[in-house]
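Inside the fold
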Amino acid sequence: NTLEFDPAILCRFANFMSNPNERTAHSQFGTGDKYFGVAAVMATMPGLPMFGHGQVEGFTEKYGMEYRRAKYQESVDEALLAHHGQTIFPLLHRRAEFAGSDGFRLYDLVSDDGSVNENVFAYSNVGPGGERSLVLFHNAYAEARGWIRESVSFNVPDADGEPCLQRES
């Protein structure tokens, strides 16, 4: 819906796994593939990726404005931090390639039966220097098959500023 209305709005999104009113990212996603898949999506989507307090360090305590001080004595999960250093931090160093929305395209994975697999996130972007990226993330512990041929509709206003929906292959 946002792409059809005004793709530039994506640049104002804040992308996060959890907020102080929810369970921690650690309790919702664990520290394995699911967590790092979601972190990679956060780091490569337009907008601002926001990691919660202690999230990168693997802290499990919930933080919020209503807490005066930490109740747990937690130590840094060195393996989790190292994995961030190998997989997520390099993406964050390249944020300019992903942050914009002018070249952002979202795609549907169409299964052999013609249905859209909603568990697969597929998108591409073009950075300010012409860098191209393609991100595919399967958000389920299952097989996925299909094809990606055309982007979902996005708005490119015409000369009069009227909405004009387009798709790209």
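Each remark here, short or long, concerns the structure printed above.
Conventions adopted
Residues numbered from 1 in each chain as written. Predicted model: local features only at pLDDT ≥ 70, side-chain atom pairs only at ≥ 80, totals over all residues. Heavy atoms only, no water. 1 Å grid on protein atoms, 1.4 Å probe; cavity = no way out; pocket = protein on both sides within 12 Å on 5 of 7 lines; lining within 4 Å. Points joined across faces, edges and corners; volume = space filled by probe spheres on them. Helix = DSSP H or I, 4+ residues; strand = E, 2+ residues; numbered from the N terminus. Nonpolar A, V, L, I, M, F, W, Y, C, P; charged D, E, K, R; others polar. Salt bridge = Lys/Arg side-chain N within 4 Å of Asp/Glu carboxyl O. Buried < 20%, exposed > 50% of the residue type's maximum accessible area, 1.4 Å probe, protein only. Pairing = 2+ DSSP bridges. Phe/Tyr/Trp six-rings, centres within 6.5 Å; stacked < 30°, edge-to-face > 60°. Lys NZ or Arg CZ within 6 Å of the ring centre and 35° of its normal. Axes fitted to C-alpha atoms, helices over the stretch in contact; angles between N-to-C directions.

1. A short note on the layout of surface pockets
In this approach a probe as big as a water molecule rolls over the atoms, and the regions it shows empty are the leftover space. Empty space within the largest pocket amounts to approximately 230 Å³. Lining of the largest pocket is provided by 13 residues; of these, M45, F104, L106, F121 and Y123 occupy positions nearest its centre. For the lining of the largest pocket, the elements supplying multiple residues, two or more each, are α1 (2-5), α3 (33-44) and β4 (120-126). Considering only residue class, the lining of the largest pocket consists of 11 nonpolar, two polar and no charged.

2. Digging into the pattern of salt bridges
Opposite charge on two side chains permits pairing when their charged atoms draw close. Counting across every chain of the model gives three salt bridges. Among the salt bridges present, the one from R94 reaches E97, with a minimum N-O distance of 2.9 Å. With a relative accessible area of 16%, E97 lands in the buried category. The partner of E168 in a salt bridge is R105, with the nearest N and O atoms 3.1 Å apart. Placement of the pair is E168 in the segment after β7 (165-166) and R105 in strand β3 (residues 105-107), with a sequence separation of 63 residues. When its relative accessible area of 11% is taken as the criterion, R105 is described as buried.

3. Brief notes about the pairing of strand β5 (residues 132-138)
Of the two faces of β5, the one holding S133, V135 and F137 is buried and the one holding R132, L134, L136 and H138 is not buried anywhere. Here β4 runs beside β5; their pairing, made up of seven bridges, is antiparallel. From the neighbouring strand, S124 faces β5, where its bridge partner is L134. Two successive antiparallel strands, β4 and β5, enclose a turn made up of five residues, where G130 displays a positive phi of approximately 90°.

4. Description of the packing of aromatic side chains
Evaluation of the coordinates by the stated rule reveals three aromatic pairs. Ring centres of Y35 and F36 lie 5.0 Å apart, and the angle between their planes is 80°; this geometry places the pair in the edge-to-face category. With respect to burial, Y35 and F36 carry one shared label: buried. Above the ring of F154, the side-chain terminus of R105 is found at 3.7 Å from the ring centroid. The side chain of R149 reaches across the aromatic face of W147, ending 4.2 Å from its centre.

5. Thoughts on the sheet that holds β4
Overall, antiparallel pairing links the three strands, which are arranged β3-β4-β5 in an open sheet. Strands at the two margins of the open sheet, each flanked by one partner only, are β3 and β5. Pairwise comparison of adjacent strand axes, ignoring direction, gives a mean angle of 15° for this sheet. Across three bridges, β3 lies against β4 in antiparallel orientation. When the bridges of β4 are listed, L106 appears paired with Y123.

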